[in-house]
Amino acid sequence: MMKQGNACGAKEGRKEKFVNNRKNGTELSTVSGNSNQERQARYKQYANPSVWNTQMLTALETGVKGGKWFSLIDKICRVSNLKSSWNNVSSRNSSAGTDGVTISQFEGRIEQELKYIRSKLSSGAYAPSLIKRINIPKSGGKTRPLGIPTVRDRVIQGAVKNGIEPIFEKDFCKCSFGFRPGIGCKDALREVETLLKSGRTWVLDADIQGFFDAIDHDILIKKIQRNISDGKLIDLILKYLKQGILEGVSSWSPEKGTPQGAVLSPLLANIYLHDMDVLMEDMGFKIIRYADDFVVMCQSEHEAKLALKYIKKYMVTHKLKLHDTKTKIIDARDTEGFDFLGYNFSKDTRKWPTKKSMGKFKDVVRWHTKRKTRYGLKIIIERLNKQLRGWFEYFKHCYKYLFPMCDSWIRRRLRSILLGFNKKGIAHGGFENMRWPNAYFAKMNLFSLEEAHKRACKSLFLNKKLNV
């Protein structure tokens, strides 16, 4: 249990020592593994070889003079790095930006584009294009703004990310799981479950209001400059932060924030919130953060309130604001539990999809199983199976009773389609179940969530048995 008596002077002393150690280059490593070999192996997992050669990886491990990296822009604009970034961009079926250039059109003149980009980056004369903003519908009639950069800007941002990510990734804390190489949502969820089982059932469930639109540019740049002193690179990042936005026929330059949808935004978000992770971990709080979504797992209500106090102070100094109604302290032993990354954690440690997640899942199934359709059942099932497999892969750790309930509901919708081929009506069971039994859909290769869960549990049991 956290020592509450250390909440002031002793903790502040540890915090000061921690920060000074980082400034002096005495790193308190947070990456997996303790040996140099293990850390080097981890660096190679996320350090793009088009930028990070053996000599640079060694410098990443041992530290650079003054703790800052110089002359990175020449490595970022290497043709090999630009091509590596282009390969990542071209593998995604994304829309054109404000210039109207598609992936295929860009590919048709790839050599000229990379030559142009290299020239402009080297001279520091590159100017990003306007970023196209669209609004994505959310639940409750709300929308979420999404920025779509041009293909050229995506390539450049990807190249910048290749160049700077290892520098910051090296120091990121274990409690940060969002948009990081080799870790993700499932790791964060496992950590939450482990802490709940250890008795940390008081949860500070926090929500930062409009985080990506609220990031202060000056504060972010100062954080980046702790590690990087390449003027051209800093100017380029600042240009992307100030990049003009086009929404409909109106355009403007943002004074704060970084667009959701931009390649660099997730990394910049982690850089912005990294000091909060350091503060929480150094003071003994168990925080699990995925981008701007985080929870603090505590052993008592008092500890949770103390964590909230320090986080509020951090928000003020970083010009952020916690959402008044969405940020709350709860006892996970209560009936409703709490939601995190699409899962609901209830009092008996059973996990269910959140109401929002189930709503999205049912909307997708409804879209694929409309009663009036021109497609045959075989095509409908083929398309539906892709969605079901992806959904199961993420939610397969939910309580077992979820899956037969979902299967039954999906089969009922398919029976309604079959019934609609002959006459009007909705399948309610009885005759329709006899006419098209479960075996009928199994023969049609409908993906069964229940059967997939049974196979996953059996595989897990066998693996544990072999390990023993």
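Rules used throughout
- Residues numbered from 1 in each chain as written.
- Predicted model: local features only at pLDDT ≥ 70, side-chain atom pairs only at ≥ 80, totals over all residues.
- Heavy atoms only, no water.
- Helix = DSSP H or I, 4+ residues; strand = E, 2+ residues; numbered from the N terminus.
- Polar contact = N/O pair within 3.5 Å; in protein donor to acceptor, adjacent residues only side chain to side chain.
- Expected span 1.5 Å × (residues − 1).
- Buried < 20%, exposed > 50% of the residue type's maximum accessible area, 1.4 Å probe, protein only.
- Axes fitted to C-alpha atoms, helices over the stretch in contact; angles between N-to-C directions.
- Parallel < 35°, antiparallel > 145°, perpendicular 65-115°, else oblique.
- Left-handed = near helix turned anticlockwise from the far one by under 90°.
- Contact = heavy atoms within 4.5 Å.
- Nonpolar A, V, L, I, M, F, W, Y, C, P; charged D, E, K, R; others polar.
- Core = buried A, V, L, I, M, F, W, Y, C linked by side-chain atoms within 4.5 Å.
- Pairing = 2+ DSSP bridges.

Caption draft 1: Summary view of the environment of Ser198. Examined against the element boundaries, Ser198 turns out to sit in the loop between helix H9 (185-197) and strand S3 (202-207). Considering only alpha carbons, one finds Ser198 and Gln299, 101 residues apart in sequence, at a separation of 9.1 Å. At a separation of 2.7 Å, a polar atom in the side chain of Ser198 contacts the main-chain carbonyl oxygen of Leu195.

Caption draft 2: Representation of helix H14 (residues 301-317) within the structure. The terminal C-alpha atoms of H14, which comprises 17 residues, lie 25 Å apart, in line with the 24 Å expected from a rise of 1.5 Å per residue. Every buried residue of H14 is accounted for by Glu303, Ala304, Leu306, Ala307, Leu308, Tyr310, Ile311, Tyr314 and Met315. The first or second residue beyond H14 is Lys319, which carries a positive phi of 55°.

Caption draft 3: Expanded view of the packing of helix H5 (residues 79-90) against helix H7 (residues 110-123). At a minimum axis separation of 10 Å, H5 and H7 run at an interaxial angle of 125°. For the element pair H5 / H7, the angle class is oblique. Every pair of crossing elements has a handedness; the one defined by H5 and H7 is right-handed. Together, Val79, Leu82, Lys83 and Trp86 of H5 and Ile110, Glu111, Leu114, Ile117 and Arg118 of H7 make up the contact between the two elements. Grouping the amino acids of the contact of H5 with H7 by side-chain chemistry returns six nonpolar, no polar and three charged.

Caption draft 4: Representation of the nonpolar core in the model. Membership of the largest hydrophobic core comes to 82 residues, with the highest contact counts inside it found for Ile224 and Phe294. Per-element accounting of this core gives the leading share, 10 residues, to helix H13 (residues 265-282). Contact partners of Ile224, with chain neighbours within four places excluded, come to Phe168, Ile234, Ile237, Leu268 and Ile271. Listed in part, the 46 residues of the second largest apolar core include Phe177, Val295, Phe361 and Phe447.

Caption draft 5: Up close: the pairing of strand S6 (residues 286-290). For S6, the tally of buried residues reaches four of five residues, placing the bulk of the element in the interior. Bridge analysis of S6 against strand S7 (residues 293-298) gives five bridges, and the strand direction is antiparallel. Bridging across to S7, Lys286 finds its partner in Met297. Once S6 ends, the chain turns through two residues before running back antiparallel as S7, passing Ala291 with a positive phi of about 60°.

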